[in-house]
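# Geometric and topological summary
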2 protein chains.
Amino acid sequence: MLNKRLHSFPLKAMKIDDCYWNKYTKLVPDVVLPYQWKILNDQEKDAAPSYCLQNFKIAAGELKGERKGVVFSDSDVAKWLEAVAYSLETTPNPELEKTADAVIALIGRAQCDDGYINTYFTLKEHGKRWISLTEGHELYTAGHLIEAAVAYYHATGKEAFFKIVCRFADLICKVFGTEENQIHGYPGHQEIELALIKLYDVTGKKEYIETAKYFIDARGHQPNYFVEEMQRPNYIQIFPEFSNYNPVYSQSDKPVREQTAAEGHAVRGTYMYCAMADLAFYYEDEKLLKCCEKIWDNIVHKRMYITGSIGSSAHLERFTADYDLPNSSNYSETCASIGLVLFGKRMAQINRDASYFDVVERTLYNTVRSGISLEGNRYFYVNPLEVWPDNCLADTAMQHVKPVRQKWFDIACCPTNVARTLTSLGQYIYSSDDENVYINLFIQNDLHTEIAGNDVMLKLVTDFPKSSSLSLQVTTKGVSDFSIHIRIPDYAENFHIAIGGKPEAYSVNKGYACIKRCWHDEQIDITFDMPAKLVSANPNVRADSNKVAIVRGPEIFCLEETDNFKNLPSAFISRSAKLEEHYDETLFGGTTVITCRAKKISDENWNNDELYKAAKPMIEEVTLTAIPYGYWCNRTPGEMLVWLNTIL
Amino acid sequence: MLNKRLHSFPLKAMKIDDCYWNKYTKLVPDVVLPYQWKILNDQEKDAAPSYCLQNFKIAAGELKGERKGVVFSDSDVAKWLEAVAYSLETTPNPELEKTADAVIALIGRAQCDDGYINTYFTLKEHGKRWISLTEGHELYTAGHLIEAAVAYYHATGKEAFFKIVCRFADLICKVFGTEENQIHGYPGHQEIELALIKLYDVTGKKEYIETAKYFIDARGHQPNYFVEEMQRPNYIQIFPEFSNYNPVYSQSDKPVREQTAAEGHAVRGTYMYCAMADLAFYYEDEKLLKCCEKIWDNIVHKRMYITGSIGSSAHLERFTADYDLPNSSNYSETCASIGLVLFGKRMAQINRDASYFDVVERTLYNTVRSGISLEGNRYFYVNPLEVWPDNCLADTAMQHVKPVRQKWFDIACCPTNVARTLTSLGQYIYSSDDENVYINLFIQNDLHTEIAGNDVMLKLVTDFPKSSSLSLQVTTKGVSDFSIHIRIPDYAENFHIAIGGKPEAYSVNKGYACIKRCWHDEQIDITFDMPAKLVSANPNVRADSNKVAIVRGPEIFCLEETDNFKNLPSAFISRSAKLEEHYDETLFGGTTVITCRAKKISDENWNNDELYKAAKPMIEEVTLTAIPYGYWCNRTPGEMLVWLNTIL
């Protein structure tokens, strides 16, 4: 029997003011959301056109023209609205809210009489709904609209958007299912499932979660729905790369309960695993939860980059094989990492296990941050661990790897996904139920909530990860009996807790330090060490053979050409090298920088016309400077390297 | 003013009987040509269908049906005929000749009244000749037919095929050129140029070489012919990957005389460079020769794998950037290496420079051999330097890399190309003019020829590369005054020549040891050392940073899983490791095998659920066994590795 699941606090209950994350969270309402708004309206010069708002205007009959852009471009508007919603929840902004209300009204006017919303299938392929589930992304787009509307409802209390998506969700629940008069298909790109469950959370309407369950249960049975659909004469082919469709791509080659490894398209996979975890909880489906655990373990023990990114292959943006983690040709899509974060949070809240947050934190602090520039208006879709611009630019097989962040993309799922993740950061800091508060991430904030029927204020003060000391001020109205669980990160050493200045004994349960007592007005001081370390990969990761990564706390470090030299793989570090940490207040608004002595193979004993020869390497002594991976490419572009060669 | 160019001896003048190459050359008439004949007739089970002969039969009106297969499948028949021709020249085989004659007669019956031959454009796209030069491969196919016919004429003296292709060549010379009533285009895939020059060699007919010169001179001027052609309404699109056509792909982005680096599709490039070298010689075009030299240098100093393969990217099978030589994702097409061999031979014969043969030999002994199994009926198209089957099979971005040789390919240019290269091996052993004989490759053979007006017999006796001692018996009818030039390979140490048992002084000119004297009946003994060595790549080759390859003479060695262990990149070799060479008579019909002591990073201190941790490597001592790269994958399939990690 599954425990009660933990929940996150509403964003409005907390105020984040964190010297590390403020660089991004404060940027979002001021720069990111306005910039993305311009993009959605095609007002940014030299950026890939989005056609997003234009399509809705045409669908609403307010503009003439042809529906353009990628099939699922409506979802970018949805994710932007979701990001806006979270932002409004913590940072009121009447002008932004007015803009959002106008977009929502436009979506409403673009909605068909029966509730259907999708500009591609109302304009470009009119009358051809639901016949190309494999590629059409209708249910994917619907899911994002629903998520946005739920968020907007929570943030503003306004019902307009919520009603719009409920009408759409009602249609979907009517159209899809096991009945004879229903379509027996399921989404080509998962997303609707977790969205319908969110809608159920708010409405309590059983149809929503049951349709989500139907989509998960129906998936992957033989004969394969997509293979059959693609053979029908009315099928609409959209993506040329789908011509040799393999159901593994969409995790539909076998029933989800028979899936034990993360296969196929990484974003599709992680979104589905989120819904599986949700359903496992709601239906008390231990078997489904075990599947989620197996798949999670497969990802984090065999198929995840040290930066928390996933998807080793650019071809179909997918998982490949255990330990296959190439560093320069990988996909490591920003959205896939966000999917992993969403999955990890759900698993942590079901299993009350801090280890999931080790992964969530690693992903947020590295790949999610890498996905956006410090100026907020340039994005990485692909997040490699090794970049040599000459190669990315000359080899068209590497064209997915951009050596600099881009203004936008023809297929632009990532930027708005980063925006909604940053504005919802508060959802990851705490988990709770009636009697327990779990502190998952060390982000400075004030929380005002109710626990065990009492008003509770938690004030988490820290400059983490600059230092690794935190203080948690607990203030309750009257005396309150509940447990505080503090995540002991996997990288922490000498983890100490003191209350009122005195060491406090704690029990440890699944990675959380637990203190159960009557609280009134206490200060908890938490300290641990997280010295920079040289970390190895499992020797079966052939790409990292005898290499090391510099890791300090949640941050993975990398070399950039601008701090070092050209040809970063020519550097070799001793495994006993001393890592010097210092905090540079001026760099990236303040960051830890790590330096160390190393050797470099020089090319001075090589002539320009020599490609191969028997020659001992000529060694130079160098000092390497490493910065956190999340900040890479915010200065002069050039080479970048996470995994350093070592001297065996 | 260019010197007189050296020539190769006719194949019929020599008899190769070499313990190393017999494995292949004896296999060709007995196994390879009959196997490929079955394939061309679609009689081999489970092999990709070729439709080659079927298409000709349909075109000749002798069979009903639809023209199938790749657009240039006719060229596979041509290359097979060319291979047959060289084989017949040295190894008479009446039955094979009868088969070839019948194919030739069939081609004749499939020829249009005006001389045109191409089953795709006479059947599938009838009436649409020459309007899709970018993709249509008509001139490419024509070139291979011409090469085959010239070879068949040399081999058999029969004129039928020769007359067929002359009619076709006459048509091409009439259709293409600078006149107003001519098409001002040029081939999308170069090949016709070098073929027309061969036809000129035999016929002396100026139009042929002038049309070849036209094709080379016209290429790459603005506006780009292909870009314009693709915009015409009648254009036929054949390959989806051509949709974003970049003229660099076909070396047509700028005039050939402005090209200084090897860019674009590697096979297109090398075939073009062959024609450029030929034209430089015939037209005494020093500037064009300088271009060839620059491009050659760019390839061999910056863009060639140690195995003599080229084409770093699988996407468009192309050159990328200097020093960009990834080992597992590369293309390294067998055909591109053959193109490099053809180019190198031409340059060596123009410049009388042995260094070109260092590359030709390396390519023949490694990548060309790798292209075919020891049984003669399985082929590699792509020749990687590192293979991890788990990754090739799971990552669809790696689907070009096959971990085992294939029966045939949907696009099957390589197998027949290997066949014609093996049957024409004798063309590379010697170069000559009236007063000089150059010995380029150390392959045991008897040559009977005329030099300086005298009958000369050369008998080269060697078991190279088992050993590196050769004896050359020179027998002349009467006394004959000429020079013998013996290539001093770049890997040779202590190169000694003795005549009649006495050390002989020699001058060295461009890598050849030269002995000029009156010959009558002398034995020249040549000895040198070629110990196995650990060779490094230029440190700018990031993929080979602090790695070494084991090289002995012309052979590059590799590790195979079957001799060693899984996870070959976990092995680390000391740069001072002692390489033990021994000759194994039983392995691959006899080969040198190299063993050495090394370290291996064990995974014994890693649990199955650990992907990253701070841990010192656990080291095992191992003995590595390396075999010549050309033999890889002739036993149990598995991992393979050329570049070994070293202990710095």
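Fair warning: this is a prediction, and the values are worked out from it, not measured in the lab. (Residues numbered from 1 in each chain as written. Chains lettered and ligands numbered in written order. Predicted model: local features only at pLDDT ≥ 70, side-chain atom pairs only at ≥ 80, totals over all residues. Heavy atoms only, no water.)

### Here's the deal with the overall build of chain A
- From N to C terminus, chain A includes 19 helices and 21 strands.
- When the backbone C-alpha atoms are referred to their principal axes, chain A occupies close to 75 × 70 × 50 Å.
- Buried residues in chain A amount to 66% of all 648 residues.
- Taking all contacts inside chain A whose residues are at least 6 apart in sequence as the whole, residues at least 24 apart take part in 71%.
- Seen as two clouds, the 68 positive and the 86 negative side-chain charges of chain A have centres 1 Å apart. (Helix = DSSP H or I, 4+ residues; strand = E, 2+ residues; numbered from the N terminus. Buried < 20%, exposed > 50% of the residue type's maximum accessible area, 1.4 Å probe, protein only. Contact = heavy atoms within 4.5 Å. Lys, Arg positive; Asp, Glu negative; His and termini not counted. Charge placed at Lys NZ, Arg CZ, Asp CG, Glu CD.)

### Re the relation of the copies chain B and chain A
- Between chain B and chain A, the superposition needs a rotation of 180° and an axial shift of 0.0 Å, giving an RMSD of 0.0 Å. One copy is carried onto the other by what is essentially a two-fold rotation axis.
- Counting the interface residues of chain B, we find that 100% of their copies in chain A are interface residues as well, pointing to one common contact surface. (Least-squares fit on C-alpha atoms with pLDDT ≥ 70 in both.)

### A word on the interface of chain B and chain A
- Residue-level contacts link 67 residues of chain B with 67 residues of chain A.
- For the pairing of chain B and chain A, the buried interface totals around 5400 Å² over both sides, and the portion due to carbon and sulfur atoms is 57%.
- Taken as a group, B:Arg542, B:Tyr612 and B:Leu648 account for 16% of the area that chain B buries against chain A, more than any other trio of residues on that side.
- Inspection of the region where chain B meets chain A yields 2 salt bridges.
- Between B:Arg542 and A:Glu639 there is a salt bridge, with the nearest N and O atoms lying 2.6 Å from each other.
- Where chain B meets chain A, there are 36 residue pairs in polar contact (both at pLDDT 80 or more).
- For the side of chain B that touches chain A, the elements supplying multiple residues, two or more each, are helix 14 (286-303), helix 17 (389-394), strand 12 (533-537), strand 17 (591-602), strand 18 (612-613) and strand 21 (644-647) of chain B.
- Tallying contributions element by element places strand 12 of chain B first for the side of chain B that touches chain A, with 5 residues.
- A per-class count over the side of chain B that touches chain A returns 29 nonpolar, 19 polar and 19 charged. (Buried area = accessible area lost by both parts, 1.4 Å probe. Salt bridge = Lys/Arg side-chain N within 4 Å of Asp/Glu carboxyl O. Polar contact = N/O pair within 3.5 Å; in protein donor to acceptor, adjacent residues only side chain to side chain. Nonpolar A, V, L, I, M, F, W, Y, C, P; charged D, E, K, R; others polar.)

### Section: the packing of aromatic side chains
- Enumeration according to the criterion identifies 88 aromatic pairs over all chains in this entry.
- Taken together, a centroid distance of 5.6 Å and an interplanar angle of 40° make the contact between A:Phe242 and A:Tyr245 tilted.
- Relative to A:Phe528, the ring of A:Phe495 has its centre 5.7 Å away and its plane inclined at 15°; by these criteria the two rings are stacked. In this pair, A:Phe495 sits in strand 8 (residues 493-499) while A:Phe528 sits in strand 11 (residues 512-529), placing the two residues 33 residues apart along the sequence.
- An aromatic cluster is defined as three or more aromatic residues linked by ring pairs; in this entry it consists of A:Tyr20, A:Trp21, A:Tyr24, A:Tyr365, A:Phe442, A:Phe464, A:Tyr491, A:Phe495, A:Tyr506 and A:Phe528.
- In this arrangement the basic side chain of B:Lys345 is found over the ring face of B:Tyr428, its NZ or CZ atom lying 5.3 Å from the centre. (Phe/Tyr/Trp six-rings, centres within 6.5 Å; stacked < 30°, edge-to-face > 60°. Lys NZ or Arg CZ within 6 Å of the ring centre and 35° of its normal.)

### Some details on the confidence of the model for chain A
- Mean pLDDT over chain A: 97, with 100% of residues reaching 70 or higher.
- Among the scores for the predicted complex, ipTM is 0.96 and pTM is 0.96. (pLDDT = per-residue confidence, 0-100.)

### Remarks on the side chain of A:Glu561
Residues and elements named next belong to chain A.
- Along the polypeptide, Glu-561 turns up in the loop between strand 14 (555-560) and strand 15 (571-574).
- By relative accessible area, which is 19% here, Glu-561 ends up buried.
- A distance of 2.9 Å separates the side chain of Glu-561 from the backbone nitrogen of Glu-639, its partner in a polar contact.
- Excluding its chain neighbours within four sequence positions, the residues that come into contact with Glu-561 are Lys-566, Leu-568, Gly-638 and Glu-639.

### Observations regarding helix 5 (residues 94-110) of chain B
- For helix 5 of chain B, built from 17 residues, the straight-helix expectation of 24 Å at 1.5 Å per residue is met to within 8% by its first-to-last C-alpha distance of 24 Å.
- The secondary structure elements touched by the buried residues of helix 5 of chain B are helix 2 (27-40), helix 3 (52-59), helix 4 (74-90), helix 8 (138-156) and helix 9 (160-175) of chain B. (Expected span 1.5 Å × (residues − 1).)

### A look at the side chain of A:Ser536
- Within the secondary structure, A:Ser536 sits in strand 12 (residues 533-537).
- Side-chain polar atoms of A:Ser536 contact the side chain of A:Arg575, separated by 2.9 Å.

### Topic: the pattern of salt bridges
Residues and elements named next belong to chain A.
- Applying the stated criterion to the full structure yields 78 salt bridges over all chains.
- Note that Arg-5 is salt-bridged to Asp-278, the shortest N-O span being 2.7 Å. One end of the pair, Arg-5, is in the segment before strand 1 (14-16); the other, Asp-278, is in helix 13 (residues 266-282), and 273 residues separate them in sequence.
- Exposure remark for Asp-278: the relative accessible area of 3% places this residue in the buried category.
- Each of Glu-82, Glu-147, Lys-198 and Arg-420 takes part in a single network of salt bridges with overlapping partners.

### Points about the domain arrangement of chain A
Residues and elements named next belong to chain A.
- By the assigned domains, chain A splits into domain 1 (433-529) and domain 2 (533-647).
- Placing the centre of domain 1 and that of domain 2 at their C-alpha centroids yields a distance of 37 Å.
- Between domain 1 and domain 2, a total of about 560 Å² is buried, with carbon and sulfur atoms accounting for 57% of that surface.
- When the area that domain 1 buries against domain 2 is broken down by residue, the three leading residues are Pro-465, Lys-466 and Tyr-491, summing to 79%.
- In this assembly, domain 1 and domain 2 are joined by 2 salt bridges. (Domains from an automatic or database assignment.)

### Re the pairing of strand 17 of chain B
Residue and element names in this part refer to chain B.
- With 10 of its 12 residues buried, strand 17 lies for the most part within the structure.
- By the bridge criterion, 5 bridges tie strand 16 (residues 580-584) to strand 17 in an arrangement that is antiparallel. Bridge assignment links Tyr-583 to a residue of strand 17, and that residue is Thr-592.
- Where strand 17 meets strand 19 (residues 618-628), 9 bridges bridge the pair, whose relative direction is antiparallel. Directly across from Ile-601, in strand 19, lies its bridge partner Ile-619. (Pairing = 2+ DSSP bridges.)

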